[in-house]
Amino acid sequence: MEKTAITPTRAQNYPEWYLQVINAADLAENSPVRGCMVIKPWGYAIWENIQKDLDQRFKATGHVNAYFPLLIPLSFLEKEAQHVEGFAKECAVVTHHRLKADGNGKLVPDGELEEPLIIRPTSETIIGETFAKWVQSYRDLPLLINQWANVMRWEMRTRMFLRTSEFLWQEGHTAHATAKEAVEETLTMLDVYQDFAENVLAMPVIKGEKPIFERFPGAVNTYTIETMMQDRKALQAGTSHFLGQNFAKSSNIQFLSQSGVLEHAWTTSWGVSTRLIGGLIMTHSDDDGLVLPPRIAPQQVVILPIYRNEEDQQKVLDYCQALQKTLSQQQFHGEAVRVHIDKRDLNGGEKMWQWVKKGVPIRLEIGPRDIANDSVFMARRDLTVKQKVSLKSQEFIAQVTQILDEIQANLFARAKAYRAEHLRDINSFDEFKAFFTPNNENDSEAHGGFAYCYAINDPVIDDYIKPLKVTARCIPLDQAKEEGFCIFTGKPARHKIIFAKAY
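Here the structure is a predicted model, which means the values were calculated and not measured.

1. A short note on the environment of glutamate 80
Moving on, step 1. Counting through the fold element by element, glutamate 80 comes out in the loop between helix 3 (74–78) and helix 4 (81–87).
Moving on, step 2. Judged by its relative accessible area of 8%, glutamate 80 is buried.
Moving on, step 3. The sequence separation of glutamate 80 and isoleucine 253 amounts to 173 residues, and the corresponding C-alpha distance is 13 Å.
Moving on, step 4. Sequence-distant contacts of glutamate 80, defined by excluding residues within four places in its chain, comprise Gly218, Asn246, Phe247 and Ser250.
Moving on, step 5. Here the side chain of glutamate 80 touches histidine 83 through a polar contact of 2.9 Å, landing on its backbone nitrogen.

See below:
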């Protein structure tokens, strides 16, 4: 069996493989606080690139950034019944405002608050309260706000990047004069997420509406982008919610219309989180570690100087620095190519494998022999580790952005082909059960995928799918408007739904 950098492999133990990729790529580690993580520099650099790209997209569509309090009065959540019910079990609650010594060398809470404060699980309620002050007239609308923040949801079973008690995200919140405008906003932001996921993260997604029993608490409609991981499970990569007037009524967001009538606004909210990094890992990585699409990689080209003595060292470093300067002047999707020289005093093989495991798109090895030939020894992360090619330096400089684009396109095409291979039209409940039943007893093998079948949009279907550990992911927006019969109940169904096991 061929030796791999990551053990166990995906086939041997996918959940453990995922954690080992994070460890080997130095992305994050568990924190002293149960259920929380420390995001390390390489992992945070990926998040910064996600932030930067999305922030530009939000501003291009008219949104501006603001910041709202971390703590939310309990009474604010109580105003929207469905909302508080949906998040009640996940809330972390602050009940005291100071500590005091107990005389035994310990500190205990003191000074009970008149009203408990909730560490935000999401900010609809407190932002709604603020919007009620900001919105008075139709002239104040639309109000298009985004917040980059952290949130807390008290998770019992955590997994780094995918489900942690505290995580980073952005949450957009908007208010509009009409339902039509709010629905258009909801779908526009869904399109923004799709374009970013597919063209920057190279993650193919299915855009759809959540069934009524999977909606965001308090929403009229919830829309999602769903993507398939390499264990064939679904990951909800982003959501956009049309909230109707529900939150406007509970927060009293009212405006005087052009006709002089006092009306409630129509609101939306939408968000993506550090879960996208988990999605990146599980979409592209292999048994040698992380694989990063060039557009999101913190470094796109890493140069590894190779020398055996001090005389060669300076000559090689000078050559590498000149090459770095030239490469950094090349433009890749509107930005300078990100190039790093690894000057650390480490064994060459050790350095090479570290960058393989970190997922850098292009590695260049340069030694005295390469300098003599004015060439570089290049390896691409979308190919096997042993596949390397020697190119004249000027040839590589001329082709670097094209090569990066090829890697980006290859990763997207590979992920899309994998999804196509494991997305199946299902025509009966027996076929559905067989699709989601593994061949071994411990459920460890990769099996199933996306089942696409007619089903009614009703909570009753949960009775059929829960025993199989399957969830209804979305009603795809781009399906043909044809009716069929629900494979679970036999009742007429207006559309097909994607079902999958999921994170």
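2. Brief notes about helix 6 (residues 179–199)
Moving on, step 1. Between its first and last C-alpha, helix 6 extends 30 Å over 21 residues, near the 30 Å set by a 1.5 Å rise per residue.
Moving on, step 2. Within the sequence span of helix 6, burial applies to Ala182, Glu185, Thr186, Met189, Leu190, Val192, Tyr193, Phe196, Ala197 and Glu198.

3. Observations regarding the pattern of salt bridges
Moving on, step 1. Scanning all chains against the criterion turns up 23 salt bridges.
Moving on, step 2. In this structure, arginine 10 engages aspartate 287 in a salt bridge whose closest nitrogen and oxygen atoms are separated by 3.0 Å. Of this pair, arginine 10 sits in the segment before helix 1 (14–24) while aspartate 287 sits in the loop between helix 8 (275–284) and strand 15 (301–305), and the two are 277 residues apart along the sequence.
Moving on, step 3. A relative accessible area of 27% places arginine 10 in the partly exposed class.

4. What about the sheet that holds strand 27 (residues 496–500)?
Moving on, step 1. What the 11 strands build is an open sheet, ordered 3-7-8-14-11-10-9-24-27-23-22; its pairing is mixed. Sheet topology places strand 3 (64–65) and strand 22 (423–425) at the edges, where each strand pairs with a single neighbour.
Moving on, step 2. Pairing of strand 22 with strand 23 (residues 450–454) involves three bridges; the strand directions are parallel. Bridging from a neighbouring strand, aspartate 425 pairs with tyrosine 452 of strand 23.
Moving on, step 3. The sheet strands contacting helix 6 are strand 7 (143–152), strand 8 (166–176), strand 9 (206–209), strand 10 (221–228), strand 11 (234–244) and strand 14 (266–273), and the helix crosses strand 14 at an angle near 10°.
Moving on, step 4. Those strands touched by helix 12 (residues 393–421) are strand 9, strand 10, strand 22 and strand 23, and its axis lies near 30° from that of strand 22.

5. Side note on the packing of aromatic side chains
What characterises a pair of aromatic rings is the spacing of the ring centres plus the angle enclosed by the ring planes.
Moving on, step 1. Following the criterion strictly, the structure yields 20 aromatic pairs and no others.
Moving on, step 2. On the numbers, 6.0 Å between centres and 45° between planes, the contact of phenylalanine 68 with tryptophan 134 is tilted. Within this pair, whereas phenylalanine 68 is found in the loop between strand 3 and strand 4 (71–73), its partner tryptophan 134 is found in helix 5 (residues 124–134), the two being separated by 66 residues in sequence.
Moving on, step 3. Taking the relative accessible area as the measure of exposure, phenylalanine 68 reaches 4% and is therefore buried.
Moving on, step 4. Exposure remark for tryptophan 134: the relative accessible area of 40% places this residue in the partly exposed category.
Moving on, step 5. Connected via pairs of aromatic rings, a cluster forms that spans Phe429, Phe432, Phe435, Phe436, Tyr464, Phe488 and Phe499.
Moving on, step 6. Its guanidinium or amino end placed over the ring of phenylalanine 76, lysine 79 lies 4.8 Å from that ring's centre, counting from NZ or CZ.
Moving on, step 7. Directly above the ring of tryptophan 355 sits lysine 358, whose terminal nitrogen or CZ lies 6.0 Å from the centroid.

6. What about the nonpolar core?
What tends to happen in soluble globular proteins is that the nonpolar side chains get buried as a cluster.
Moving on, step 1. Formed by 54 residues in total, the largest nonpolar core has its most connected members in Ile50 and Phe161.
Moving on, step 2. Non-local contacts of phenylalanine 161, meaning those with residues more than four positions away in its chain, are made with Tyr18, Ile22, Leu27, Ala28, Met37, Ile39, Thr274, Arg275, Ile277, Gly278 and Ile281.
Moving on, step 3. Counting 28 residues, the second largest nonpolar core, distinct from the first, contains Val301, Tyr319, Phe332 and Leu364.

Rules used in this analysis
Residues numbered from 1 in each chain as written. Predicted model: local features only at pLDDT ≥ 70, side-chain atom pairs only at ≥ 80, totals over all residues. Heavy atoms only, no water. Helix = DSSP H or I, 4+ residues; strand = E, 2+ residues; numbered from the N terminus. Buried < 20%, exposed > 50% of the residue type's maximum accessible area, 1.4 Å probe, protein only. Contact = heavy atoms within 4.5 Å. Polar contact = N/O pair within 3.5 Å; in protein donor to acceptor, adjacent residues only side chain to side chain. Expected span 1.5 Å × (residues − 1). Salt bridge = Lys/Arg side-chain N within 4 Å of Asp/Glu carboxyl O. Pairing = 2+ DSSP bridges. Axes fitted to C-alpha atoms, helices over the stretch in contact; angles between N-to-C directions. Phe/Tyr/Trp six-rings, centres within 6.5 Å; stacked < 30°, edge-to-face > 60°. Lys NZ or Arg CZ within 6 Å of the ring centre and 35° of its normal. Core = buried A, V, L, I, M, F, W, Y, C linked by side-chain atoms within 4.5 Å.

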